[in-house]
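# Architecture and fold: a report
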Amino acid sequence: ATPTAITVGVGRGAELGILIKSGEALEAAERLDTVAFDKTGTLTEGKPAVTEIVGLALTAEESLALAAGAEQNSNHPVARAIVARAQEREISIPATDAFETVRGKGVLATVDGRLIALGNRAMLADTNVILDEGAEAAVVHLEEEGKTVAILVADGAVAGIIAVSDTLKPTAMAAVAGLKEMGLSVAMITGDNPGTARAIAGMIGIDRVFAGVLPDAKAAEIRTFQEEGRRVAFVGDGINDAPALAQADLGIAIGGGTDVAIESGGVVLVRDDLTDVPAAIQLAQKVIGRVK
Ligand code: ADP
Ligand code: MG
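Now for a description of the structure that goes with this document. None of the values given here were measured: they were computed from a predicted structure.

This paragraph deals with the coordination of the magnesium ion (ligand 2). Note on metal geometry: ideal angles are 109.5 degrees for four donors arranged tetrahedrally and 90 or 180 degrees for six donors arranged octahedrally. Those protein atoms acting as donors to the magnesium ion (ligand 2) are Asp38 (OD), Thr40 (O) and Asp237 (OD), and they sit at 2.0 to 2.4 Å. Positions of the donor residues of the magnesium ion (ligand 2), expressed as sequence spacing, correspond to D-x1-T-x196-D. With Asp38 in strand β2 (residues 34–38) and Asp237 in the loop between β11 (232–236) and α11 (242–247), the pair connects residues that are 199 residues apart, well separated along the chain. For the pair Asp38 and Asp237, one class covers both residues: buried.

Take a look at the structure:
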């Protein structure tokens, strides 16, 4: 591309709230064939709320109290949702003696003298406790609704299950439809479980889903695409997303996201509008593709 085309593209992007950091970023945008999105905080608002609490070995209220006790020192969105619900219900949150986060899985804690493991299926697998048929059916049903399920194990028994639901960003569907219309492949990469991830992808129109991806492994998934010969953009908002944003041919950071993500992206979207993703690519195609 000519220096003039790049200057024009960067300038027009800035007017639209699409900050293009370099000529290379603009050129990469023009050549893409695949766009991979982070889920939580990127396609969704990233502020989940508790929707269901199912009491099993313990009552729903006891389960919520222990879960909130285990999560009170965690910053994870699922943890914040659980603590917020306990506070809303004015349940007194028991003290935690020991607490440990297990990345991509959940938390381990001692609450009220009970040994607690709380998190996803991978967390449950680590405890060697299994769901009985009824609990399994309840979890599957919640996952099919796109909810993230936290399974509470207290002293070696499944005490209860807590479902949290995150709102889709209103622009997610239009953004994906726009990208597909432009002939691009669209994928989602998430730490959430496959059932939940597929349900959410289905609602938005995304066909290719990578679920259960540990934070460090997002960049490796991008590399897999590149090894297939694809030129891929990754769209993300979080600290965890920085390596994937850097690995991608083009990193697109959501402006409301963390500073680390913003630093790692070649493009920063100032507005929280996902249709700016296809808009950015279209802009690059206009100023570079036709002026070659
Ligand atoms: P993501 O933000 O993409 O869901 P994470 O790697 O943060 O990815 O977490 C992966 C999954 O692990 C979450 O979807 C959730 O099911 C579970 N998880 C992680 N931390 C917690 C926690 N503190 N409490 C309950 N579940 C958790
Ligand atoms: Mg995120």
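Once you've had a look at it, read on.
Note that Asn120 resides in the loop between β6 (114–119) and α6 (121–127). Apart from residues no more than four positions distant in its own chain, Asn120 is found in contact with Gly104, Lys105, Val149, Ile151 and Gly191.

Turning our eyes to something else, we now look at the pattern of salt bridges. Per the counting criterion, the structure on display carries 17 salt bridges. The partner of Glu145 in a salt bridge is Lys147, and the shortest N-O contact between them spans 2.7 Å. Note on Glu145: relative accessible area 34%, which makes it partly exposed. Across the pair Lys169 and Asp272 runs a salt bridge, and its minimum N-O distance is 3.0 Å. Here Lys169 is found in the loop between β8 (157–165) and α8 (172–181), whereas its partner Asp272 is found in the loop between β13 (267–269) and α13 (276–289), with 103 residues between them in sequence. Accessibility expressed as a relative area gives 4% for Lys169, which makes it buried.

Parameters and conventions
Residues numbered from 1 in each chain as written. Chains lettered and ligands numbered in written order. Predicted model: local features only at pLDDT ≥ 70, side-chain atom pairs only at ≥ 80, totals over all residues. Heavy atoms only, no water. Donors = N, O, S within 2.8 Å, 3.2 Å for Na, K, Ca; no water. Helix = DSSP H or I, 4+ residues; strand = E, 2+ residues; numbered from the N terminus. Buried < 20%, exposed > 50% of the residue type's maximum accessible area, 1.4 Å probe, protein only. Contact = heavy atoms within 4.5 Å. Salt bridge = Lys/Arg side-chain N within 4 Å of Asp/Glu carboxyl O.

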